[in-house]
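# Working through the structure, step by step
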Amino acid sequence: MNAQSWIETGRTVLAVVALICALIGAVPAVVMAMQFLLAPVHGFVNHYRRAAPFFPRVAIIVPAWNEGAVIGASIDRLMALEYPAGRLRIYVVDDASTDDTPEVVLAKAQQYPGAVHHLRRAVGGEGKAHTLNHGIRHVLSEQWMEALLIMDADVIYLADSLRKMTRHLADPEVGAVTAYIREGSAQKNFLSRFVSFEYVLAQLGSRRAQNVLGAMACLAGGAQLHSRANIEALGGHIDTGSLAEDTVTTFETQLQGRRVVFEPAAVVLAEEPHRVEALWKQRLRWARGNVQLTRRYRNLWFRPSRRHRLGSISFGLTWFSVALLPMFMLAASIGLIVLYEIDSELAHVVFRSMWIVIGCAYIYTIALAVQLDPPTARAAWREVLMFPGLLSIMVMLSAFFPGLFTATVPGLFGLHMTAIGVDAWQLSVYAWISVCMIGAWFAKRLDQMGAPNWLMALYVYIVGYGPILCAITFDAYVKEARGAAMVWDKTEKTGRVLG
Amino acid sequence: MNEMTDEDARAEIERDRRRERRVVWQAALALGVVLAFVAVRLLLVGWGV
């Protein structure tokens, strides 16, 4: 082979590698669409056939640190749940609060004798899992408890939610049940509306699919109901070695051969962050936890087992399409740019094919999600439309309608884009697939600089909410690689949740 | 607190089970939206990519 042949072969190999990288970018959207295609199957493959009227004695553990402003109302609401009298007990585990939490809880203990208990940790600040374990040890030391509900101090359970969860525990194969956490701030802003729609996607869509597949990724931290047998089999405690204790509990339950069920009709309201910085802090903890678990369970992925479904191909794809999302985006950008340098026409075809698939998956996902929780979708219609961001929507439109931004739109103003301009536009579009993460990171900086709400909203509508989640995952890689300290920061709440 | 009879609880389970079937029709409608979008694309651009 002469030098020219070597160069040609090298170019071909490089083009194939770039092509594969570019196509990898479509994986997350396709997996999301796969989950939403499975969601309707939940109409036929669900756990309702094995559910039955069942009202076990439920111990509710409420971890609380300086929750004096909200804990009293939370206890009142829990005592008003539609559940048989005498079969509920509330254990508030006070993590050495410095406000009036003890006084408020003790007053409620007098108001509801025998039903409300105050457990105080002398030394606090070790994190939620340690606080929960204090309460779990206490309730397990008594024989009264038949089921354990773990929740947050500031969430609101709709009146029928607990009984809709307990009915699944009538099946002894079920170890734990989780509910739909709906964003319920009394005063919403653009960010809480984005979160509310994200929860529709991640819970009402994805978790229905996970019910069908028989493998659940995570019990919601604020709504997890366990059978006594399950919590005992887990060793009577929650994992304290990672930032994702809820996911560890979920995985360990399933690894031991018990089912975890998502009940879409059980609704729990929660207040979510209203500022990008607070969201970043909360989600960074979750994302770092997921990175830790990806390593911890490295022998689990893509290894099917008869005992559980966590090793199935479908669950592995679901997990890694989220855990590796920034990598998929980077691969797509680099692949397309390299391909463009080798063969610009092929790059165009690959880009358009890929983004038409992504676009169709996106439209289907959004069109179904808005029907799953219409009130949430109506309240967040701007955020529904702008979920990926205006710029990413332009990327999608440029794939669907070639020439829209290089010929049609300039033509409307009597302008003509030069060849260099078209090149620059095309490369910008390819780069944006991953550069959007830098744009998203700047949203956090902007928030830290004290930008007003209207500017933050405008910026996030342009850059997108999805890219923010992606950038947080990337930040989690960096923090984990650097071995940054694991801090369990409490997400700041105002306590204003709609009842 | 309230006392719910077994019969009421069973009826509620059955109601929620039937309600889940609605998602099938919702998914069909969502697929219809995708098809409409694809049709617009075909109309304006044709089959090629």
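Below or above, wherever it landed, is the structure these notes cover. (Residues numbered from 1 in each chain as written. Chains lettered and ligands numbered in written order. Predicted model: local features only at pLDDT ≥ 70, side-chain atom pairs only at ≥ 80, totals over all residues. Heavy atoms only, no water.)

## A short note on the pattern of salt bridges
Tallying each qualifying case throughout the model produces 32 salt bridges over all chains. Note that Arg283 of chain A and Glu198 of chain A form a salt bridge whose closest N and O atoms lie 2.7 Å from each other. Here the residue Arg283 of chain A occupies a position in helix H10 (residues 276-296), and Glu198 of chain A occupies one in helix H7 (residues 190-213), the gap between them amounting to 85 residues. For Arg283 of chain A, a relative accessible area of 6% gives the class buried. Note that Glu20 of chain B is salt-bridged to Arg208 of chain A, the shortest N-O span being 2.8 Å. Here Glu20 of chain B, found in helix H1 (residues 6-20), pairs with Arg208 of chain A, found in helix H7, and the two come from separate chains. Several salt bridges share partner residues, and in doing so they unite Glu82, Asp160, Arg163, Lys164, Arg167 and Glu263 of chain A together with Glu12, Asp16 and Arg19 of chain B into one network. (Salt bridge = Lys/Arg side-chain N within 4 Å of Asp/Glu carboxyl O. Helix = DSSP H or I, 4+ residues; strand = E, 2+ residues; numbered from the N terminus. Buried < 20%, exposed > 50% of the residue type's maximum accessible area, 1.4 Å probe, protein only.)

## Quick word on the packing of aromatic side chains
Residue and element names in this part refer to chain A. With the rule as written, the count across this model stands at 23 aromatic pairs over all chains. Here Tyr340 and Tyr430 contribute two aromatic rings whose centre-to-centre distance is 5.8 Å and whose plane-to-plane angle is 75°, an arrangement assigned as edge-to-face. Taken together, the positions of Tyr340 in helix H12 (residues 325-342) and Tyr430 in helix H18 (residues 419-448) put the pair 90 residues apart, joining distant regions of the chain. Overall, the relative accessible area of 8% leaves Tyr340 in the buried class. By relative accessible area, which is 0% here, Tyr430 ends up buried. Through successive ring pairs, a cluster of aromatic residues spans Phe251, Tyr297, Trp301, Phe302, Phe315, Trp319 and Phe320. The positively charged end of Arg89 is found above the aromatic ring belonging to Trp144, 4.2 Å away from the centroid. (Phe/Tyr/Trp six-rings, centres within 6.5 Å; stacked < 30°, edge-to-face > 60°. Lys NZ or Arg CZ within 6 Å of the ring centre and 35° of its normal.)

## Some remarks on the interface of chain B and chain A
Between chain B and chain A, the residue contacts involve 29 residues of the former and 43 residues of the latter. The closest approach of N and O atoms between Arg167 of chain A and Asp16 of chain B, which form a salt bridge, is 2.7 Å. The interface formed by chain B and chain A contains eight residue pairs in polar contact (both at pLDDT 80 or more). Counting only elements with at least two residues in the side of chain B that touches chain A, the list comes to H1 and helix H2 (22-45) of chain B. Per-element tally for the side of chain B that touches chain A: the top contributor is H2 of chain B, with 15 residues. Residues belonging to the side of chain B that touches chain A are distributed by class as follows: 18 nonpolar, two polar and nine charged. (Contact = heavy atoms within 4.5 Å. Polar contact = N/O pair within 3.5 Å; in protein donor to acceptor, adjacent residues only side chain to side chain. Nonpolar A, V, L, I, M, F, W, Y, C, P; charged D, E, K, R; others polar.)

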